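Given next are the chains, with one letter for each unit.
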Amino acid sequence: MIPIQPEENGTKEKSTEFSLVRVNGTWIRKVGRMTNKDSVQHVSAAKILESSRETGTTWTVVSPIVFSYKVTETMGLLDPSNDTLLYGHVSNPQQLEDMHQSIMPLKRFVVVDLEVHRLYGAKLNEYLKAKNVTYKLLALPTVEENKSIDMVLEILEEINKFSLDRRTEPIIAIGGGVCLDIVGLAASLYRRRTPYIRVPTTLLSYIDASVGAKTGVNFANCKNKLGSYIPPVATFLDLTFIQSVPRRHISNGLAEMLKMALMKHKGLFELLEQHGPFLLDTKFQADKDENDSDLEQLGSQATRIAITTMLEELAPNLWEDDLNRLVDFGHIVSPELEMKILPSLLHGEAVNIDMSYMVYVSKESGLLTEDEKRRIISCMEGLELPVWHPVCTMELIQKSLQDRLKHSGGMLRMPLPVGLGQAEIFNSISPETLRNAYKEWCEELQTSKVDP
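Residues numbered from 1 in each chain as written. Predicted model: local features only at pLDDT ≥ 70, side-chain atom pairs only at ≥ 80, totals over all residues. Heavy atoms only, no water.

Q: Summarise the environment of Ser300; cite the residues concerned and give the values.
A: Looking at the secondary structure, you find Ser300 in helix α10 (residues 298-314). Between the alpha carbons of Ser300 and Leu279 there is a distance of 10 Å; along the sequence they are 21 residues apart. (Helix = DSSP H or I, 4+ residues; strand = E, 2+ residues; numbered from the N terminus.)

Here you go:
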């Protein structure tokens, strides 16, 4: 029992903390804090706080929500000898054994990007048939222009017709970041939460969209304004998908990789600075013709560092309760820029233009040296990323910063590099610094190639 405490208005409040204990199939509350060591019965991690005053009673529910999800590298995901796509999300050995021994065929609802279906549809069908899976394959044009609630509803209509078990038959999304975001939102809405699996097929989604919890669609001409925080039960990463991605889209993904390098990992920056063109040329595939074994493994090394650093930032803050996020670097101005000229810029290209300007802000603020600034811009250009765009005006930047203040608790929370592989969050950047940085940015880079 928590002691009675007088309130400012003279009334008294009596507060009691209750644990929740399962007894004979039902939950009952018991006074005080209990653990599973205190009783043979199961004690929930949740608790109820009850506060009584003369005016009435208030119940406060404290219920921890824990998610576990896997991010698993594999090779040959669509090879019938590989069970990962169907069973890789299962962690419980008994559940896995039961699934293998069941006489009932597996059921899977699969949403695949239309272009990915063109490239891998036949192989995917062969895989599911070889595994004796009852399935529905829905191919959709999941591009940024179609990233809307209408497509979510279209998916939900088909899921409802297919009749999934909402706990044991995960929806599978195969495609780029837009596909993964849309399907994730649909899964989070169907029966309030249906498990889903992500299979990224672009470099950008491989290291970014696939490893977090966010889902979303565009709304009211704003990027990802509708969405949820529901992670997949698993993400399966197969680098061989990246070999069919056009060069521009490889470059697009490298922007998010460079973001993590600038924020957290100098070694990754130096890898991209030295070997970025090689990764573009080889599309992150192991080059067996190379005599240097280190070069052969560059693709997997770079993606692993990017994913590890991304998970370090996302896992402790999966629901973004803390709005100070280093992973927001490159995402201050880019949402407005990307939506304004959609579909001219890919997401990573818009992010890189944002990062390029912010590098100049860091230099103007005394956080980066001139040499560091030049190395970063040179690395961006080596990755064939745009570093300037005429639509990214000072007016657009100011509007983006105002939106940032509005949606970030009245604080700027601007991540900026303070060296190579180091960053801090800043809440106060003077208008003069922003203008001077913009002026120098335009003077030095506006002659850069604009059209990808």
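Q: Tell me about the pattern of salt bridges, and please be specific about residues and values.
A: What the rule picks out here adds up to 30 salt bridges. Between Arg29 and Glu50 there is a salt bridge, and its shortest N-O distance comes to 2.7 Å. With Arg29 in strand β3 (residues 26-31) and Glu50 in strand β4 (residues 42-53), this residue pair connects regions lying 21 residues apart in the sequence. Taking the relative accessible area as the measure of exposure, Arg29 reaches 41% and is therefore partly exposed. The exposure class of Glu50 is buried, given its relative accessible area of 16%. Residue Lys147 pairs with Asp181 through a salt bridge whose shortest N-O separation is 2.8 Å. Of this pair, Lys147 sits in the loop between β8 (134-140) and α4 (149-162) while Asp181 sits in helix α5 (residues 177-189), and the two are 34 residues apart along the sequence. Assessed through its relative accessible area of 4%, Lys147 is described here as buried. The exposure class assigned to Asp181 is buried, which follows from its relative accessible area of 11%. (Salt bridge = Lys/Arg side-chain N within 4 Å of Asp/Glu carboxyl O. Buried < 20%, exposed > 50% of the residue type's maximum accessible area, 1.4 Å probe, protein only.)

Q: Which residues make up the sheet that holds strand β7 (residues 107-113), and what are the values?
A: The six strands are arranged β6-β13-β10-β9-β7-β8 in an open sheet whose pairing can be described as parallel. Here the strands that pair on one side only, and so sit at the sheet edges, are β6 (70-73) and β8. Averaged over all pairs of adjacent strands, the angle between strand axes in this sheet comes to 20°, irrespective of strand direction. Summarising the sheet, β7 and strand β9 (residues 171-175) pair through three bridges and their orientation is parallel. Of the residues in β9, the one forming a bridge with Val110 is Ile172. (Pairing = 2+ DSSP bridges. Axes fitted to C-alpha atoms, helices over the stretch in contact; angles between N-to-C directions.)

Q: Let's hear about the side chain of Lys259: which residues, and what values?
A: Within the secondary structure layout, Lys259 lies in helix α7 (residues 247-264). A polar contact is formed between the side chain of Lys259 and the side chain of Glu256, at a distance of 2.8 Å. Setting aside chain neighbours within four positions, we find Lys259 in contact with Asp208, Met310, Val327, Phe329, His331 and Met355. (Polar contact = N/O pair within 3.5 Å; in protein donor to acceptor, adjacent residues only side chain to side chain. Contact = heavy atoms within 4.5 Å.)

Q: Describe the packing of aromatic side chains, listing the residues and the values that go with them.
A: For the coordinates displayed, the defined rule picks out seven aromatic pairs. Relative to Trp441, the ring of Trp388 has its centre 6.5 Å away and its plane inclined at 55°; by these criteria the two rings are tilted. Of this pair, Trp388 sits in the loop between α13 (370-382) and α14 (394-407) while Trp441 sits in helix α15 (residues 431-445), placing them 53 residues apart in sequence. Of the two residues examined, Trp388 and Trp441, each falls in the buried class. The rings of Tyr357, Trp388, Tyr438 and Trp441 are connected pair by pair, giving a single aromatic cluster. If you follow Arg29 out to its NZ or CZ, it ends over the ring of Phe18, 3.9 Å from the centre. Between the NZ or CZ atom of Lys107 and the centre of the ring of Phe162, over which it lies, the distance is 4.6 Å. (Phe/Tyr/Trp six-rings, centres within 6.5 Å; stacked < 30°, edge-to-face > 60°. Lys NZ or Arg CZ within 6 Å of the ring centre and 35° of its normal.)

Q: Summarise the packing of α14 against α15; cite the residues concerned and give the values.
A: As a packed pair, α14 and α15 sit with axes 11 Å apart at the nearest point and diverge in direction by 140°. Classed by the angle they form, the pair α14 and α15 counts as oblique. Where α14 crosses over α15, the two elements pack in a sense that is right-handed. The segment α14 lies against α15, with Met394, Ile397 and Leu401 engaging Leu434, Arg435 and Tyr438. (Parallel < 35°, antiparallel > 145°, perpendicular 65-115°, else oblique. Left-handed = near helix turned anticlockwise from the far one by under 90°.)

Q: An account of helix α3 (residues 114-130) is requested, with residue identities and associated values reported.
A: Counted at 1.5 Å a residue, the expected span for α3 with its 17 residues is 24 Å, and the 22 Å between its end C-alpha atoms agrees. The largest bend in α3 comes to about 70°, at Tyr120. For α3, every residue scored as buried is listed here: Val116, Tyr120, Gly121, Leu124, Tyr127 and Leu128. Buried positions along α3 lie against α1 (84-87), β7, β8 and β9. (Expected span 1.5 Å × (residues − 1). Bend = angle between axes of the 7 residues up to and from the residue.)

Q: Can you break down a positive patch on the surface residue by residue, with the values?
A: Taken together, the side chains of Arg166, Arg167, Arg191, Arg192 and Arg193 present a region of like positive charge at the surface. In this structure, Arg191 sits in the loop between α5 and β10 (196-200). Relative accessible area serves as the criterion here: at 44%, Arg191 is assigned to the partly exposed category. (Patch = residues over 30% accessible without salt bridge, like charges linked within 9 Å, V, L, I, M, F, W, Y side chains within 5 Å. Areas by Shrake-Rupley, 256 points an atom, 1.4 Å probe, with all protein chains shown as cover. Lys, Arg positive; Asp, Glu negative; His and termini not counted. Charge placed at Lys NZ, Arg CZ, Asp CG, Glu CD.)

Q: Would you mind going over the confidence of the model for the chain in detail, with residue names and values included?
A: Looking at the chain, the pLDDT average stands at 93 and 94% of residues meet or exceed 70. Here residues 1-8 is modelled with pLDDT under 50, and outside its nearest four sequence neighbours on either side it reaches 13 contacts, counting other chains as well. (pLDDT = per-residue confidence, 0-100.)

Q: Please provide a residue-by-residue account of helix α12 (residues 347-364), values included.
A: Across its 18 residues, α12 extends 26 Å between first and last C-alpha, which sits within 8% of the 26 Å expected from 1.5 Å per residue. Counting buried residues along α12, 16 of its 18 residues qualify, which places the element largely inside the surrounding structure. Just past α12, the residue Gly366 takes up positive phi, approximately 80°.

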